[in-house]
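Coordinate analysis (summary)
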Amino acid sequence: MAAPIISEPAPPPARGYWRSNQMRFAPWLFLAPGILFFAIYVIFPIFQSFHISLYRWDGLGEARYIGMQNYERLFDDPAFYTSLWNNLRWLVLYLLAIPGGLFIALFLNQQVRGIRLYKSLFFFPFVISQVVVGLVFAWFYNPSIGLLNPLIGLFGFGPVNILGNPNTVTYGIIAAGLWPQVAYCMILFLTGLNAVDPEQVEAARLDGAKGWKMLWYVILPQLRPATFIAVVVTVIGALRSFDMVSVMTSGGPFGSSRVLAYYMFEVSLSEYGFRMGYGAAIAVVLFLIMMVYIAFFLWRMWREERGV
Amino acid sequence: MFPTPVERRSAAVQAGYKALLPIVLILWLLPLLMVALFSVKPDADFTQGNLWGLPSSFAGFENYTRVFTDSAMPRYLLNSIFITVPTVIGAVALSCMTGFALGVYRFRGNIWIFFMFVAGNFVPFQILMVPVRDLTVNMGLYDTRLGLVLFHIAFQTGFCTLFMRNFIRALPRELIEAARVEGVSEIRIFWYVVLPLMRPAIAALSVLIFTFIWNDYFWAVVLTQGVESQPVTAGITAFNSQFRAAYHMMSAGSIIAALPPVMMFFLMQKHFIAGLTLGAVK
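These numbers were taken from a predicted model, which means no experiment stands behind them.

Secondary structure summary: chain B contains 15 helices and 0 strands in total. A compact globule built from 282 residues should have a C-alpha radius of gyration of about 19 Å, whereas chain B, at 24 Å, is more than 25% larger. With respect to the principal axes defined by its C-alpha atoms, chain B has extents near 80 × 65 × 30 Å. The buried share among the 282 residues of chain B stands at 56%. Of all intrachain contacts in chain B linking residues separated by at least 6 positions in sequence, the fraction that spans at least 24 positions is 72%. When the accessible area of chain B is evaluated, it comes to approximately 11,700 Å², of which 67% is carbon and sulfur surface. Positive and negative side-chain charges in chain B, numbering 19 and 13 respectively, have mean positions lying 11 Å apart.

Glancing now at the overall build of chain A. Within chain A, the secondary structure is distributed over 14 helices and 2 strands. If you line up chain A on its principal axes, its C-alpha atoms span 95 × 70 × 30 Å. Residue burial in chain A is summarised as follows: out of 308 residues, 54% are buried. Restricting the contact set of chain A to residue pairs at least 6 apart, pairs at least 24 apart contribute 65%. For chain A, the exposed area adds up to about 15,300 Å²; of that, 67% sits on carbon and sulfur atoms. Across chain A, the centroid of the 20 positively charged side chains sits 5 Å from that of the 15 negatively charged ones.

A word on the confidence of the model for chain B. Overall, the prediction assigns chain B a mean pLDDT of 92, with 99% of residues at 70 or greater. Confidence scores differ between elements of chain B, with helix H3 (residues 43-47) of chain B showing the lowest mean pLDDT of 86 and helix H5 (residues 73-104) of chain B the highest of 96.

As a further point, take the packing of helix H13 (residues 260-269) of chain A against helix H14 (residues 276-307) of chain A. Residue and element names in this part refer to chain A. Contact geometry of H13 with H14 gives a least axis separation of 7 Å together with a crossing angle of 165 degrees. One element, H13, and the other, H14, form an angle in the roughly antiparallel class. Considering only the axes of H13 and H14, their crossing is left-handed. Where H13 approaches H14, its residues Leu260, Ala261, Tyr263, Met264, Val267, Ser268 and Leu269 are matched on the opposing element by Met276, Tyr278, Gly279, Ala280, Ile282, Ala283, Val285, Leu286 and Ile289. Across the contact of H13 with H14, the residue classes break down as 14 nonpolar, 2 polar and no charged.

Moving on, we come to the pattern of salt bridges. Should the charged atoms of two oppositely charged side chains come close, the side chains can pair. Applying the stated criterion to the full structure yields 11 salt bridges over all chains. The partner of A:Glu202 in a salt bridge is A:Arg205, with the nearest N and O atoms 3.2 Å apart. Taken as a pair, A:Glu202 and A:Arg205 lie in helix H9 (residues 198-206) at a separation of 3 residues, close to a single helical turn. Among the residues examined, A:Glu202 registers a relative accessible area of 31% and is labelled partly exposed. Residues B:Asp70 and B:Arg66 are paired through a salt bridge, measuring 3.0 Å at the closest nitrogen-oxygen approach. The class of B:Arg66 is partly exposed, set by a relative accessible area of 29%. Linked through salt bridges whose partners overlap, the residues forming this network are A:Glu202, A:Arg205 and B:Arg8.

Looking now at the interface of chain B and chain A. On the side of chain A, 107 residues touch chain B, which itself brings 106 residues to the contact. When the two sides are added together, the surface that chain B and chain A hide from each other amounts to roughly 9,700 Å², 78% of it contributed by carbon and sulfur. The tally of links from chain B across to chain A stands at 3 salt bridges. Among the salt bridges present, the one from B:Arg165 reaches A:Glu305, with a minimum N-O distance of 3.0 Å. Connecting chain B to chain A are 18 residue pairs in polar contact (both at pLDDT 80 or more). Considered class by class, the residues forming the side of chain B that touches chain A number 76 nonpolar, 19 polar and 11 charged.

All names here are of chain B. Tallying each qualifying case throughout the model produces 51 aromatic pairs over all chains. Measuring from centroid to centroid gives 5.9 Å for Phe151 and Phe155, while their planes differ by 25 degrees, and the two rings are stacked. In this pair, Phe151 and Phe155 both sit in helix H8 (residues 145-169), 4 residues apart, roughly one turn of the helix. For Phe155, a relative accessible area of 5% corresponds to the buried category.

All names here are of chain A. Inspection of the secondary structure puts Thr170 in helix H8 (residues 169-194). Take Thr170: its relative accessible area is 3%, and that puts it in the buried class. A polar contact of 3.3 Å, which involves the side chain of Thr170, links it to the side chain of Asn86. Ignoring sequence-local partners within four residues, the contact set of Thr170 consists of Asn86, Trp90, Ser256 and Ser257.

Attention shifts here to the domain arrangement of chain B. All names here are of chain B. The assigned domain composition of chain B is domain 1 (6-59) and domain 2 (71-276). The distance between the C-alpha centroids of domain 1 and domain 2 comes to 35 Å. Taken together, the contacts link 7 residues of domain 1 with 5 residues of domain 2. Counting each side, the surface lost to burial between domain 1 and domain 2 is near 510 Å², with a carbon and sulfur contribution of 77%. Between domain 1 and domain 2 we count 0 salt bridges in total. Inspection of the region where domain 1 meets domain 2 yields 0 residue pairs in polar contact (both at pLDDT 80 or more). Among the secondary structure elements, those contributing two or more residues to the side of domain 1 that touches domain 2 are helix H2 (30-39) and H3. For the side of domain 1 that touches domain 2, the element with the most residues is H2, which contributes 4 residues.

Residues and elements named next belong to chain B. Within the secondary structure, Met73 is located in helix H5. On the basis of relative accessible area, Met73 is assigned to the buried category, the value being 0%. As a C-alpha pair, Met73 and Pro124 span 51 residues in sequence and 30 Å in three-dimensional space. Filtering out sequence-adjacent residues up to four positions away, Met73 remains in contact with Val67, Val232, Ile236, Phe239 and Gly253.

This part covers unusual backbone geometry. All names here are of chain A. Of the consecutive residues Gly252 and Pro253, the connecting peptide bond is found in the cis state with omega at -5 degrees. Inspection of the secondary structure puts Pro253 in the loop between helix H12 (243-248) and H13. A positive phi angle, close to 50 degrees, is found at Ser250, a residue other than glycine. With respect to the helices and strands, Ser250 occurs in the loop between H12 and H13. According to the relative accessible area criterion, Ser250 is partly exposed, its value standing at 42%.

Rules used throughout
- Residues numbered from 1 in each chain as written.
- Chains lettered and ligands numbered in written order.
- Predicted model: local features only at pLDDT ≥ 70, side-chain atom pairs only at ≥ 80, totals over all residues.
- Heavy atoms only, no water.
- Helix = DSSP H or I, 4+ residues; strand = E, 2+ residues; numbered from the N terminus.
- Rg over C-alpha atoms; globule rule 2.2 N^0.38 Å.
- Buried < 20%, exposed > 50% of the residue type's maximum accessible area, 1.4 Å probe, protein only.
- Contact = heavy atoms within 4.5 Å.
- Areas by Shrake-Rupley, 256 points an atom, 1.4 Å probe, with all protein chains shown as cover.
- Lys, Arg positive; Asp, Glu negative; His and termini not counted.
- Charge placed at Lys NZ, Arg CZ, Asp CG, Glu CD.
- pLDDT = per-residue confidence, 0-100.
- Axes fitted to C-alpha atoms, helices over the stretch in contact; angles between N-to-C directions.
- Parallel < 35°, antiparallel > 145°, perpendicular 65-115°, else oblique.
- Left-handed = near helix turned anticlockwise from the far one by under 90°.
- Nonpolar A, V, L, I, M, F, W, Y, C, P; charged D, E, K, R; others polar.
- Salt bridge = Lys/Arg side-chain N within 4 Å of Asp/Glu carboxyl O.
- Buried area = accessible area lost by both parts, 1.4 Å probe.
- Polar contact = N/O pair within 3.5 Å; in protein donor to acceptor, adjacent residues only side chain to side chain.
- Phe/Tyr/Trp six-rings, centres within 6.5 Å; stacked < 30°, edge-to-face > 60°.
- Domains from an automatic or database assignment.

What follows is the structure, encoded as structure tokens:
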């Protein structure tokens, strides 16, 4: 404790203590409510899920410890492999949102009259809830009322039932998911393009660079921060693909469009009864996959903080 | 500017570009335009197979009115508001404080606490699902709006802290130092010096969080069940089974459910995009 300076009249003790120590306590005071909430609802539950995954539990009765059995069962569960494989497809194909967004951003990066409104209208699918996007696309694909079949009929392609066919259903859902994600990436790249150094572009033009070369050697390096964020949000979006699957197909037909996020929900909270332990084991697998990306993101952030 | 501005190109290119814009936009929004068209058609058009033509009569007014009078939709919309607004206030309030603490003070563990918030914000929801549902049931808050709000506040604090901390880091430190030299207490510095400067960040975060929470579906189905507490994203499923195969009604219902965040976006566009693209530029 800091001793009060003798010549000054001593302030009231409580206030004095706070005065001289506030730099030490203030951050914790400000952090306390946030950390408390976050710990209770986010941090502890992660560990609890690891714990629950070692039990057989229906969510109500007694939980029985079964060690690694839930994980052993995962290895023999065809639905788990279907989900994992679909997650991989989501992950790879969802990344198309990045070139797609860049392409539209380049198309719209002009200054003609009304372009601001065009940019907003191209972006706004991102603001619509995924539930509604899923419904809209389900109707769009619907063989009896959807616009898709008449449309591809114009080009001579036969009628298709995208969501009814196990071989195409996941691609149909991913295409629907790409719609808002492309919009998101587009807005990131538009912001990035806005900040591209015009002098560098002009200098490169004088050197004869144009088109693809200009894009690859001059523009893209300057878009690196935007690209990084686009990759992060797209990967996370791909692994979170729950809403679309749930609304468009409920994992069907025959479970062929399940992803881990949806299968976990199905196992723990729906028709099969409540298999919380098994569900938690699936969640742990999903978490470990995501952890690779989180670690990469944090590592990059840490490097940047060091640099500052 | 890249690509080359069209005004520097030939007149033909300019005209071509201006003609292409609306065509590409229509293609881009085609699925949505289809649903918008459905929503103003009368029932008869669907039974007579007039799917793509003009509506035989304009039934938009009637369809949209029925969404409000013949279904639980108003209740779901109200629930959404009562879930979204408290969450926005709570998450922004908590993160103003955590962002201030992590942005202004240098202390041991600062970066690790910051990383905890960032990492937590990215975890898949499923790893939280069973314990959070269990906790909510045990607190007697299952199937209540409060249960949903508490969880949303906690989870959004992760993203909001990341946002606020980076924003505060970019503020001029001299202001805070000067106030300290004057002997202003830390709490007053927060309230009178830093908080007023955070207004743009608060506005941007509020719109973003409003949209995220309004559009949440997963937690709505995990933590709530009935018409008493479910938000509109979950309620739309019940709405659709009520109007099974009545595509004009389902279309109108979906548009109503999607509308509030869309309006929020168009009204607060500048803040929304500023929030979303934070970090996209160095």
